[in-house]
Amino acid sequence: MTDPIIPILIIAGVAALLALRVPVGFTLLLMGAIGFAASRGLDSALNTLGGRLFDIGSGYSLSAVPLFLLMGHMAIASRVTEDMFGAARAWVGHLRGSLVLATTFAATGFAACSGSTTSTTAVFGRVALPEMLKNNIDRRLAAGCIATVGTLAGMIPPSVVLIVFGIIARESIPRLFIAGIIPGLLTAFCFSVMIYVRVLRDPKLAPPLPPAPRSEKLRSLKDVWAALLLAVVVIGGIYAGIFTPTEAGAMGAGGAFLIALFRGRLSFQVLRTVFTETAKTTSVIFIILVGALIFTSYLAVSGTSSAITEGIVGMDVHPRVLLLLYLLLMLVLGLFIDPISVMFLTVPIFLPPLARLGMDPIWIGVLVTKSLEIGLITPPVGLNAFVLKSVSPGFNFKEIYHGIWWFLQVELIVLGIIFAFPELALWLPNLMYR
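Residues numbered from 1 in each chain as written. Predicted model: local features only at pLDDT ≥ 70, side-chain atom pairs only at ≥ 80, totals over all residues. Heavy atoms only, no water.

*Asks:* What is the right way to look at the overall build of the protein in this model?
*Replies:* Regarding its fold elements, the protein presents 20 helices and zero strands. Relative to its length of 434 residues, the protein is compact, with a C-alpha radius of gyration of 22 Å against a globular reference of 22 Å. Along the first, second and third principal axes, the C-alpha atoms of the protein reach 75 × 45 × 45 Å. Counting only residues that meet the buried cut, the protein has 54% of its 434 residues in that class. For the protein, contacts bridging at least 24 residues in sequence account for 80% of all contacts bridging at least 6. (Helix = DSSP H or I, 4+ residues; strand = E, 2+ residues; numbered from the N terminus. Rg over C-alpha atoms; globule rule 2.2 N^0.38 Å. Buried < 20%, exposed > 50% of the residue type's maximum accessible area, 1.4 Å probe, protein only. Contact = heavy atoms within 4.5 Å.)

*Asks:* Mind showing me how you'd approach the packing of helix α17 (residues 361–376) against helix α19 (residues 397–420) here?
*Replies:* For any two helices packed against each other, one specifies the inter-axial angle together with the distance between the axes. Interaxial distance between α17 and α19 falls to 10 Å at its minimum, and their mutual angle equals 170°. Put simply, α17 runs roughly antiparallel to α19. Judged by residue contacts, W363, V366, L367, K370, S371, E373 and I374 of α17 engage L408, E411, L412, V414, L415, I418 and F419 from α19. Of the residues in the contact of α17 with α19, the class split is ten nonpolar, one polar and three charged. (Axes fitted to C-alpha atoms, helices over the stretch in contact; angles between N-to-C directions. Parallel < 35°, antiparallel > 145°, perpendicular 65-115°, else oblique. Nonpolar A, V, L, I, M, F, W, Y, C, P; charged D, E, K, R; others polar.)

*Asks:* Mind showing me how you'd approach the pattern of salt bridges here?
*Replies:* In a structure, side chains of opposite charge can pair up when their charged atoms sit close to one another. Within the structure shown, the criterion is met by nine salt bridges. With a shortest N-O distance of 3.2 Å, E131 and K134 are connected by a salt bridge. With E131 and K134 both in helix α7 (residues 117–134) and three residues apart, the pair spans about one turn of that helix. Here E310 and R356 are joined by a salt bridge, their closest N and O atoms 2.7 Å apart. Of the two residues, E310 sits in helix α14 (residues 304–313) while R356 sits in helix α16 (residues 339–356), which places them 46 residues apart along the sequence. Take E310: its relative accessible area is 45%, and that puts it in the partly exposed class. One network of salt bridges, in which partners are shared, links D83, R263 and R265. (Salt bridge = Lys/Arg side-chain N within 4 Å of Asp/Glu carboxyl O.)

*Asks:* Is there a simple way to think about the environment of P211 in this case?
*Replies:* Along the chain, the position of P211 falls in the loop between α10 (173–201) and α11 (214–240). For P211, a relative accessible area of 63% puts it in the exposed group. Sequence separation of P211 and L186 is 25 residues, and the distance between their C-alpha atoms is 27 Å.

*Asks:* Hey, could you run me through the packing of aromatic side chains in this one?
*Replies:* To describe a pair of aromatic rings, you give the distance between the ring centres and the angle between the ring planes. Using the criterion set out here, one finds eight aromatic pairs in the structure. On the numbers, 5.9 Å between centres and 80° between planes, the contact of F68 with F177 is edge-to-face. Of this pair, F68 sits in helix α4 (residues 64–77) while F177 is found in helix α10, placing the two residues 109 residues apart along the sequence. Grouping residues by exposure puts F68 and F177 together as buried. (Phe/Tyr/Trp six-rings, centres within 6.5 Å; stacked < 30°, edge-to-face > 60°.)

*Asks:* When you look at the nonpolar core in this model, what are you seeing that I'm missing?
*Replies:* The nonpolar side chains of soluble globular proteins are, as a tendency, buried together. By size, the foremost hydrophobic cluster in this structure holds 138 residues, and its most contacted members are F68, L323, M343, W363 and V368. Examining the composition of this core, we find that eleven residues originate from one element, α10, more than from any other. (Core = buried A, V, L, I, M, F, W, Y, C linked by side-chain atoms within 4.5 Å.)

*Asks:* What exactly am I supposed to notice about unusual backbone geometry here?
*Replies:* Most peptide bonds take the trans form, and the phi angle of most residues other than glycine is negative. The omega torsion of the bond from P157 to P158 falls at 10°, within 30 degrees of zero and hence cis. Among the structural elements, P158 can be located in the loop between α8 (139–149) and α9 (160–169). With an omega of 10°, the peptide bond between P379 and P380 qualifies as cis. The topology assignment puts P380 in the loop between α17 and α18 (383–391). A positive phi angle, close to 65°, is found at R79, a residue other than glycine. Judged by its relative accessible area of 45%, R79 falls in the partly exposed class. Of note in this structure, S98 is not a glycine but carries a positive phi near 35°. Mapped onto the elements, S98 comes out in helix α6 (residues 98–111).

*Asks:* What is the right way to read the side chain of T378 from this model?
*Replies:* Structurally, T378 is set in the loop between α17 and α18. At 2.5 Å, the side chain of T378 forms a polar contact with the backbone oxygen of I374. Sequence-distant contacts of T378, that is, excluding residues within four places in its chain, are made with L335 and L408. (Polar contact = N/O pair within 3.5 Å; in protein donor to acceptor, adjacent residues only side chain to side chain.)

*Asks:* In this structure, what is going on with α10? I would like to understand it.
*Replies:* Because each turn of an α-helix spans 3.6 residues, side chains separated by three or four positions end up pointing in the same direction. When the terminal C-alpha atoms of α10 are compared, their 42 Å separation across 29 residues agrees well with the 42 Å that a helix rising 1.5 Å per residue should span. At I181, α10 shows its maximal kink, close to 30°; a proline, P183, follows between one and four residues later. Between the side-chain oxygen of the N-cap and the backbone nitrogen of R175 there are 3.2 Å, and the N-cap of α10 in question is S172. (Expected span 1.5 Å × (residues − 1). Bend = angle between axes of the 7 residues up to and from the residue.)

*Asks:* Before we go on, may I ask you to explain the state of the cysteines in this structure?
*Replies:* In protein chemistry, a disulfide is the covalent bond that joins the sulfur atoms of two cysteines. The tally for this structure, following the rule as stated, stands at zero disulfides. Looking at the unpaired C145, the closest cysteine sulfur is the one in C190, lying at 15 Å. According to the relative accessible area criterion, C190 is buried, its value standing at 19%. (Disulfide = S-S within 2.5 Å.)

*Asks:* I tried to follow helix α5 (residues 80–92) on my own but got confused; where do I start?
*Replies:* With 13 residues, α5 extends 18 Å between its outermost C-alpha atoms, agreeing within 8% with the 18 Å of an ideal straight helix rising 1.5 Å per residue. Taken together, the buried positions of α5 are V80, T81, D83, M84, F85, A87, A88, A90 and V92. Contacts made by the buried residues of α5 are with α4, α6, α7 and α11.

*Asks:* What exactly am I supposed to notice about the environment of V161 here?
*Replies:* Tracing the chain through its elements places V161 in helix α9. On the accessibility criterion, V161 (12% relative accessible area) is buried. Residues V161 and G115, 46 residues apart in the sequence, show an inter-C-alpha distance of 7.7 Å. Those residues in contact with V161 that sit more than four places away from it in its chain are G154, I340, M343, T369 and L372.

In structure tokens form, the structure reads like this:
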């Protein structure tokens, strides 16, 4: 067996295991270890595995992931979502789009307190969806809204997806956070415009609510100011250089804990649930990360990564065409593999050549995140649709995906806008980090 054959067999093995539905983290870990053993011997494979596991376990920057996840779960425990939905309902419930618009605005605000897309979808499925149905909102529009607006937490900081991308790409997490603000707000704005126009054409989709009195509007703001202040402090602290992302995650988790404590919404059972859910999500991410690092290390030492980079760089194609092809590949893979796994599979391979061709990695990170958002709502996987179905069994997938379709079109349009105008992602971080 000659050396060039080994990487081909290893990559074929990865494809075969993924086709058999073996989890991505275990697939990459196993095939990376086999590659090291076949190329350099069993001792080298074991030493590499041990060293990588230690590097990951002792990595300071990685601790930002569980801390921001803890912040999001603690915010959910403090019932911030109910408060934000109540405030949005009071202020915009009387407009065309009523509770659908209110849910979009509330999810945008909550995204600044949470880094988890699926958690955001689940909690709004419990909080906002029953209210929508009670007020005669069209079932498909309601389901599509809930399944989709959770993806805003993937772009608006503190996004766990952006943190993980920064770790894989070895890029500045603060810059990625700031870069996600305008695209995230643009997405929320385009959702709102689409909802308003649809309801304008067919008012029966979302009948408006009676206008809330001014006293109710002002009272609703008292319930959300603490959570919004916490988000501003966390993101502002990162921007000002007061906190590292890890320290900001600790501040956010601690602040969310205090909000829940002072509101009397903590109990032993709540804390147990919060820490358990945080540990579960962190474990999944870290298992994939370990496997991805082992596999990409093998590709690097075997020369496969360099060969791929040189092959892509040497192609007589405009760099933007290559980037577009990469994004299309991600969208296709997102139809069959969960989005986070797609990122671990593709970013280490395609980012280096694209960066060598002059593409800004921060811009690529935003485009990758937007593509992952689209994967979360695209069948047949469409993880957010499954999350919504789990918390609202009365809905069927036909209703959910029919409702998602309009939001999916908006997501694709926004992806195209960010692709065409990189300044939307780069202007703010370049302004702040000159």
